[in-house]
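Below are the chains, spelled out letter by letter.
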Amino acid sequence: MDFLDEPFPDVGTYEDFHTIDWLREKSRDTDRHRKITTKSKESYWELIKSLLDAWSGWVVMLLIGMLTGTLAGVIDLAVDWMTDLKEGVCLSAFYYSHEQCCWTSNETTFDDRDKCPQWQKWAELMTGHSEGAGAYVLNYFLYVLWALLFSFLAVSLVRVFAPYACGSGIPEIKTILSGFIIRGYLGKWTLLIKTVTLVLAVSSGLSLGKEGPLVHVACCCGNLFCSLFSKYSKNEGKRREVSYYFPLKTLRLVLFYVEYHTPWYMAELVPFILLGVFGGLWGTTLLGKYPVLEVIVITGITAVLAFPNPYTRRSTSELISELFNDCGALESSQLCDYVNNPNMSRPVDDIPDRPAGPGVYSALWQLALALIFKIVITIFTFGMKIPSGLFIPSMAVGAIAGRIVGIAVEQMAYHHHDWIIFKNWCRPGADCVTPGLYAMVGAAACLGGVTRMTVSLVVIMFELTGGLEYIVPLMAAAVTSKWVADAFGKEGIYESHIQLNGYPYLDVRDEFTHRTLATDVMRPRRSEPPLAVLTQDSTTVEDVETLIKDTDYNGFPVVVSRESERLIGFVQRRELTVAIKTARQKQDGVVSSSVVYFTEDNPQVAEACDPQPLKLRRILNLSPFTVTDHTPMETVVDIFRKLGLRQCLVTRSGRLLGIITKKDVLRHMAQMMNQDPESIMFN
C-alpha cells in the first residue's frame, strides 16, 4: 500500500536554518500547475479556480505594494514628528511636526521661516523664556532625555518581543532569497516590532537610516500575504519569486530633489575621483558588534555631542538635503552666506564675485566636526541590537566630505582664476563650481565603498536626486570607491555580515579558479565512516528510525544494495520521518520489523505472519543531481550557484561514491581563500 497517494501535511517543508532544494520545489510547482490545467477542463468551477490561481500573483503584488507604501508613509511621518518632539511641541496640534505646525501660520517671515508662535521649544513652554543660558541647558537636557527614552524603548521591544528585528536585515534577506530558511525572520511579530522600533531608533538621533530596514519590512509584508495563498505558502521556491519593481515612469517624487544650474567640467573629475578614494576607504572600516546595554550609552554620547552642532542635531535626511542643495536666492542656510556685492569689480568676466562669507567659514568648521563625529559614531552604531540602516549614514559622511571639498574648489577657482585649470571653465554670469554636486558625488562614493555597488548605485542616486546629467561624475566616483575598497577586501558590508553569521550564501560574484575536483570535496573522506545509505527493498522501519536518530544528515541516498551501490534516488530526512510516523498511525500492520520499499512494484507478503511492508516510493526523488568524481570544482560551484542546489551526489559509472552539500562547497571555497572553513555553520 502506498498511502502517500494523497499528500499529507508537513511533507515538503524544511527544518529551520536549512537550505531549500530549488529543483525539487520547481518540480512540485510544475506538477501543481499541470493538475490545475487538467482539472480546469472538467468544469466551470475548476476553470474559475485556475483563473484565480493565475491572478493570485498580481493580487499578492498589489497587497504588498499597498501595505508597504502605507507603512513607509507612516514611518516617515512618525520619524519627522518624533525627531522634532525632542526639541519642542506644536501647540495647535501636538501630533504636528515643526514643518507641519508652521505651514498654516501667517506670522512667519522670510528670514525666520522656521519660527512661528504655534511651535514652541520646551524651555519656552516650561519657563516662558526662549533665550539665555538657562533655556539652552533645559533644551539640551530634554533633547538628551527624549533620545535616551526612544532608544531604550527600541532596544527593549526588540530584545523582548522580536530579536530578529535588529539590524538592517539585508544580509539575512539576501540569504533567505538564496534559499535559506530562517523561521520567524519574516513573521508578523517581526514586522510589527521592526516598524515601531525603526521609528524609535531613527527618532533617537542615532547615526542610522531607515532605508535598509524598510527592505526587511517590505519582505515581511510579502511573506505575510504569501501565506494567504497556497500557491506560495506550500512552495518555498515559489514564495521567493515574489518581488516588485518600480518602472521609471513612477519616479515622480524623489528623496533629495536636486536642480543645479552649472554643468560639470572635465577637470573636476580629479576631485570627484579623490572623493571616490575617500568613499572606498570608508567602506573598509571595521564595524563591530556591541552588547544591547551599549545602545543607551551610545545614544547618550550621540545626543550630548550632537546637540551643540546644528548639522548633527537635525535629522540625517535633512542634513543631506541641505548639503545637496545649490545656493539660490531663497536659501537662508549658512552654506549660502556668500558676499554678493554688485558694485564690486570682477577680476574676469567669466568668474562671478562670490567670495565665501563668515557664515560659510563657520559652516565649514561645523561640517568638519560633524564629519569626524559621523564617522566615529556610525562605526559604533551599526552593530547594535536595534533596527539600523547604513545607506543614509554613509551618504551623510560622503555628502559632508563632498561639500567641504566643493567649497574648497569653488574658492580656489575664485581666488586663483588665472590658474590654467580654471581658465576655460566658466560662462559669463554663472558659477564655476557647484558645491552641492560634490556633496552628491561624495555620498555616492561612500555608499559605493560600503556596498560595492557601481551601476546600480548610480541608478539609485539618480532616483534619489533626479540628477540625470551628472551620471559621469557619479560613475567615476562609484567605480573608484569600489576599486579602493576592493583593494582591502572583496566583500561589501552585507556580504561581510553574511560571512560573520556563517550563512550558506553563494555570491554570484565569487570566482572559483582552483584546479580541484569533486572527489577532493565530497564526503565521506578517507578518515570518515562510510556514507549512510538506504537500500531499495531490504531496510526495515527500525533500521530507518535508528539511522535518523544516530545521524543529523538532511537526507539519504537510496541504492539497489550495499554491495552494488547502484544509485536509485534520494530521500529527504524530514519527509522520511513524517512518512514513517504517519504510516504507523494510518496503516495497519506497520511495525519496527516492516520492510521499507522504494521500488515501483508493490511488495509481496511471503507469509501471513510477516509484518505489513511499507512502500515509500512517492517521497523518493528519482532524479537527484549527480556529477562524476572527476568533475572540476569550478563546474560544481557554478552548478550550485545557478541551479540553487542543496546537495549533489558523486558517482562513477552509476555507482555511488559520495555527496557534496552546499556547506561543503562553501567551506572548500573558504579554505581555498585561506579563510576559516568552520565559519560556515549552516547547510
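Reading guide: rules and limits
- Residues numbered from 1 in each chain as written.
- Predicted model: local features only at pLDDT ≥ 70, side-chain atom pairs only at ≥ 80, totals over all residues.
- Heavy atoms only, no water.
- Helix = DSSP H or I, 4+ residues; strand = E, 2+ residues; numbered from the N terminus.
- Buried < 20%, exposed > 50% of the residue type's maximum accessible area, 1.4 Å probe, protein only.
- Core = buried A, V, L, I, M, F, W, Y, C linked by side-chain atoms within 4.5 Å.
- Contact = heavy atoms within 4.5 Å.
- UniProt positions renumbered as here; feature names shortened; annotations may be inferred.
- Phe/Tyr/Trp six-rings, centres within 6.5 Å; stacked < 30°, edge-to-face > 60°.
- Lys NZ or Arg CZ within 6 Å of the ring centre and 35° of its normal.
- Patch = residues over 30% accessible without salt bridge, like charges linked within 9 Å, V, L, I, M, F, W, Y side chains within 5 Å.
- Areas by Shrake-Rupley, 256 points an atom, 1.4 Å probe, with all protein chains shown as cover.
- Salt bridge = Lys/Arg side-chain N within 4 Å of Asp/Glu carboxyl O.
- Disulfide = S-S within 2.5 Å.
- Pairing = 2+ DSSP bridges.
- Right-handed = clockwise from strand over helix to strand, strands pointing away.

### Things to note about unusual backbone geometry
So, step 1. Here Arg523 and Pro524 are connected by a cis peptide whose omega angle stands at 5°.
So, step 2. Structurally, Pro524 is set in the loop between α21 (518–521) and β3 (534–535).
So, step 3. The phi dihedral of Phe17 falls on the positive side, at around 60°, and the residue is not glycine.
So, step 4. For Phe17, a relative accessible area of 25% translates into the label partly exposed.
So, step 5. Within the chain, Ser653 stands out as a residue other than glycine whose phi angle is a positive 55°.
So, step 6. Position of Ser653 among the secondary structure elements: in the loop between β10 (647–652) and β11 (655–661).
So, step 7. For Ser653, a relative accessible area of 67% puts it in the exposed group.

### A look at the nonpolar core
So, step 1. In terms of nonpolar packing, the biggest core is built from 58 residues, with Leu323, Phe324, Met395 and Met461 touching the most fellow members.
So, step 2. Only α11 (269–283), α14 (316–324), α15 (358–381), α16 (391–415), α17 (435–451), α18 (455–465), α19 (471–488) and α20 (493–501) provide two or more residues apiece to this core.
So, step 3. Apart from the residues lying within four places of it in its own chain, the contact partners of Leu323 are Leu335, Leu367, Ala399, Ile400, Arg403, Gly436 and Ala439.

### A look at the UniProt feature "transmembrane region" (unreviewed entry) in the protein
So, step 1. Mapped onto the present numbering, the UniProt feature "transmembrane region" (unreviewed entry) falls at residues 55–75, 140–165, 264–283, 290–307, 363–383, 390–409 and 437–462.
So, step 2. Its end C-alpha atoms 30 Å apart, residues 140–165 is made of 85% helix and 0% strand.
So, step 3. The span residues 390–409 carries 95% helix and 0% strand; its end-to-end C-alpha distance comes to 28 Å.

### Topic: the packing of aromatic side chains
So, step 1. Going through the model one piece at a time under the given rule, you end up with 15 aromatic pairs.
So, step 2. Through pairs of rings, three or more aromatic residues link up here, namely Trp81, Phe94, Tyr95 and Tyr96.
So, step 3. When the ring centre of Phe307 is taken as reference, the NZ or CZ atom of Arg313 above it lies at 4.3 Å.

### Some thoughts on the environment of Glu241
So, step 1. Mapping Glu241 onto the fold places it in the loop between α10 (236–239) and α11.
So, step 2. For the pair Glu241 and Gly57, spaced 184 residues apart in the sequence, the C-alpha separation amounts to 9.8 Å.

### Regarding a nonpolar patch on the surface
So, step 1. Together, Tyr44, Trp45, Leu47, Ile48, Leu51, Leu52, Trp55, Trp58 and Val59 line one region of the surface with nonpolar side chains, adding up to about 1100 Å² of accessible area.
So, step 2. In this structure Ile48 comes out as partly exposed when scored by relative accessible area, which is 43%.

### Some remarks on the state of the cysteines
By definition, a disulfide is the covalent link that joins the sulfur atoms of two cysteine residues.
So, step 1. A complete count under the given rule lists 2 disulfides for this structure.
So, step 2. Two residues, Cys102 and Cys116, share a disulfide whose sulfurs are 2.1 Å apart. One disulfide, between Cys102 and Cys116, carries an S-S torsion of -75° and so falls in the left-handed class. On the criterion of sequence distance, the pair formed by Cys102 in the loop between α3 (98–101) and β2 (119–121) and Cys116 in the loop between α3 and β2 is long-range, its members being 14 residues apart. Assigned by exposure class, Cys102 and Cys116 land together as buried.

### Considerations on the pairing of β10
So, step 1. Most of β10 sits inside the fold, with 5 of its 6 residues counted as buried.
So, step 2. Here 3 bridges tie strand β9 (residues 626–628) to β10, and the two strands are oriented parallel to one another. Across the sheet, residue Thr626 finds its bridge partner in β10, namely Leu649.
So, step 3. As for the winding sense of the linkage, the β-α-β connection from β9 through helix α24 (residues 633–643) to β10 is right-handed.
So, step 4. Pairing between β10 and β11: 6 bridges, direction antiparallel. By the bridge assignment, Val650 is partnered in β11 with Gly658.
So, step 5. Between β10 and β11, which follow one another and run antiparallel, lie 2 residues, and Ser653 among them has a positive phi close to 55°.

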